[in-house]
Amino acid sequence: MVLKYPEARRDESIIDDYHGTKIPDPYAWLEDPDSEETKAFVEAQNELTMPFLEKCAVGTKFHQRLTELYDYPKYSCPYKRGNKYFYFYNKGLQNQDVLYMQDSLQGEARVFFDPNRLSEDGTVALKMARLSEQCECFAYGLSGSGSDWVTVKFMTVADQKELPDTLERVKFSCLSWTHDDRGVFYNCYPRQEGKADGTETTTNLNQKLFYHVIGTSQSEDILVAEFPDHPKWHSSATVSDDGRYVLLSITEGCEPVNRLWYCDLQQLSGGITGILPWVKLVDNFEAQYSYVTNEGSAFTFRTNLLAPRYRLINIDLQSPDPSLWTTLIPEHEKDVLGFVACVNYSFLLVNYLHDVKDVLQLHQLRTGEFLRTLPLAVGTVVGVSSRKKHADFFYQFNSFTTPGIIYHCDLTSETPEPTVFRQVEVKGFDPSDYQTVQVFFPSKDGTKIPMFIVHKKGIKLDGSHPVLLYGYGGFNHSQQPSYNVAYLIFVRHLGGVLAVANIRGGGEYGETWHKGGSLGNKQNCFDDFQCGAEYLIREGYTSSSKLTIRGASNGGLLVAACVNQRPELFGCGIAKVGVMDMLKFHKFTIGHAWTTDYGCSDNEEEFHWLIKYSPLHNLPLSSSPAPPYPAMLLLTGDHDDRVVPLHSLKYTATLQHCVGRRPGQRQPLLIRIDTKSGHGAGKPTAKAIQEEAHIFSFIAETLGLSWRD
């Protein structure tokens, strides 16, 4: 197929100088989302893409089947506040999950808060939800059209009466109640020129920490922490289990390190009235410290200090010298210590990641002693509900083929044994028809990379199967097994195989694994992913022409970089909300926080890292010899204020100009730009189903796949 792409003006006069290297930026005008020219470009692209997607042969069947299989009940773990239980529930196809309340676990469930009533199209989402300690008041944050901006509101619990209190300009914020139920700590940004609705590109700087007292206006809120000399710092306040202390975690960027300050609220004779007298327990960015619990002044933290796979340490605020810190649970020789929670006063619920599979254990709080391993199949703990003062806890499990099992464990019984509290089954889907295997393939430098492969039982490894290879590889984020209906339809009805590669840059094996794929080592991510593709071909799962790679955000960067480097290796590339301009990403919204993973072009050494793989800057010149590109579909949203749309717009314009005009380029190079849509969080169910149907219709159409009943 040959498509005629929209003409986009090239301004050859725009040339940036990076440390003596001249870099053209002919589509810099697309950085202005409000210009008529940009709006016309977006409209022209959608006028090309949407009819193509709507006409794909399997589109209607995929959308219908996805709607059928997505229509199953979805629950969160119950959690207790005061004498009430709360949980989120979605009947199946509701655009947003609904919060329910009940008097006991067996009591009648009543709707407590339903975000679906806030907008007809489901684009207003509940981003934050915090019940006060005595369960008198509910603080909740709403976002519109997928933006990261949040408006915080309040409601009484007893009669669900909305309070007039409203907090604006909230973003990347904590929401932490003091135990007297008097108010909350939260973060917000100063007012800026221009709009702040999620379509702007203005950089986010000078976040501050405030305390809001219920019943007052935001203009009266008390500034408790600010960092005028460090505009890129972010902070998050946590009130300790006993309500006595507030801990302040300060970060700069996305690296897993933080400063740790605290304030003893009992020492404030007049209450919270201004900047708090913070005690700087840790005042450097050398390691991460996450609060677990405390007994008086003796605190327990999870840390990667001298432990890239993390450990638990105890620090007594009365004797804070680091030489007096003690190890409660040492670093494991291979597994990564994940979340840790205190339950029933004297126990720790401890999670480990063992070869990308979750393990859950009980330990003694006082000694750290291991007590037992809790039952868990191969998969992921996606939710935990526990509190120090509660004797029981819940945990939720899923996997590639298991939609959700919630377990309940009561530690007051003589032989506490988790029992199945709730199990979800999807009608029309039999997990026993499928199998999941984990393999370890060698990367370019010999490092063994884990990869999950999911397929129907009994397939022949004859190279005939379409494969969807998914990856991320960044920001210490691990890609664990998860239930995805669209992926299972691809396996069942398009004869596909799903592969998830746990490439470096993620957190699958701790900080060493993360650093092995960040900054000057970023090429390792691309090498790992490409070697994963070669493994799938070599072992007979697929061939290059039937191999699709997919990723989002940092994973969108991964897909575009790999297509640029090895276009002949793939049949199709799906790059969603990707970071494509590695020389300028730090200039927009929260992009400056990513320099801890990528580096920054303002630094000469780091510029030379970035220019080697930046997707926008490594497309072949239209005049140079190059192999044809695979089919490519980029996706972005007009309200994505995380990875702003200009990344995908500039890359698409360049891709169509440099590659799309070549006589040998037969596969489409398209972009889908959604409206009232952001980076992904809070996306309504209807939009999510439509998007997945379009993606897999595109894959099927361009790879020549037919529907199998």
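Scroll up to find the structure this text is about.
A quick note: this is a predicted structure, and the numbers were derived from the prediction, not measured.

Visitor: Give me the pairing of strand E2 (residues 21–24): which residues, what numbers.
Guide: Relative to E2, strand E1 (residues 15–18) runs antiparallel, the two being bridged by four bridges. Directly across from Asp-17, in E2, lies its bridge partner Lys-22. Between E1 and the antiparallel strand that follows it, E2, lie two residues; His-19 among them carries a positive phi value of about 55°.

Visitor: Provide a residue-level description of the pattern of salt bridges, including the pertinent values.
Guide: The tally for this structure, following the rule as stated, stands at 37 salt bridges. Residue Asp-25 pairs with Lys-650 through a salt bridge whose shortest N-O separation is 3.2 Å. Remark: Lys-650 occurs in helix H9 (residues 646–658) and Asp-25 occurs in the loop between E2 and helix H1 (36–54); sequence separation between them is 625 residues. The partner of Asp-641 in a salt bridge is Lys-171, and the shortest N-O contact between them spans 3.7 Å. With Asp-641 in the loop between strand E38 (631–637) and H9 and Lys-171 in the loop between strand E11 (162–170) and strand E12 (175–177), the pair connects residues that are 470 residues apart, well separated along the chain. Residue classification places Lys-171 among the buried residues on the basis of a relative accessible area of 0%. Through salt bridges with shared partners, a single ionic network connects Asp-25, Glu-31, Asp-581, Lys-584 and Lys-650.

Visitor: Please provide a residue-by-residue account of unusual backbone geometry, values included.
Guide: In this model, Gln-160 sits at a positive phi of 50°, which is unusual for a non-glycine residue. Summarising the element assignment, Gln-160 is placed in the loop between strand E10 (150–156) and E11. In the Ramachandran plot, Ser-553 falls in the positive-phi region, its phi being about 65° despite a non-glycine side chain. Topologically, Ser-553 is positioned in the loop between strand E36 (547–552) and helix H6 (554–565).

Visitor: Please provide a residue-by-residue account of the sheet that holds strand E31 (residues 419–423), values included.
Guide: Strand order in the open sheet formed by four strands is E28-E29-E30-E31, and the pairing between neighbours is antiparallel. Whereas interior strands pair on both sides, the edge strands pair on one side only; in this sheet they are strand E28 (380–385) and E31. Averaged over all pairs of adjacent strands, the angle between strand axes in this sheet comes to 25°, irrespective of strand direction. Relative to strand E29 (residues 392–398), E28 runs antiparallel, the two being bridged by five bridges. Across the sheet, Thr-380 pairs through a bridge with Asn-398, a residue of E29.

Rules behind the numbers
Residues numbered from 1 in each chain as written. Predicted model: local features only at pLDDT ≥ 70, side-chain atom pairs only at ≥ 80, totals over all residues. Heavy atoms only, no water. Pairing = 2+ DSSP bridges. Helix = DSSP H or I, 4+ residues; strand = E, 2+ residues; numbered from the N terminus. Salt bridge = Lys/Arg side-chain N within 4 Å of Asp/Glu carboxyl O. Buried < 20%, exposed > 50% of the residue type's maximum accessible area, 1.4 Å probe, protein only. Axes fitted to C-alpha atoms, helices over the stretch in contact; angles between N-to-C directions.

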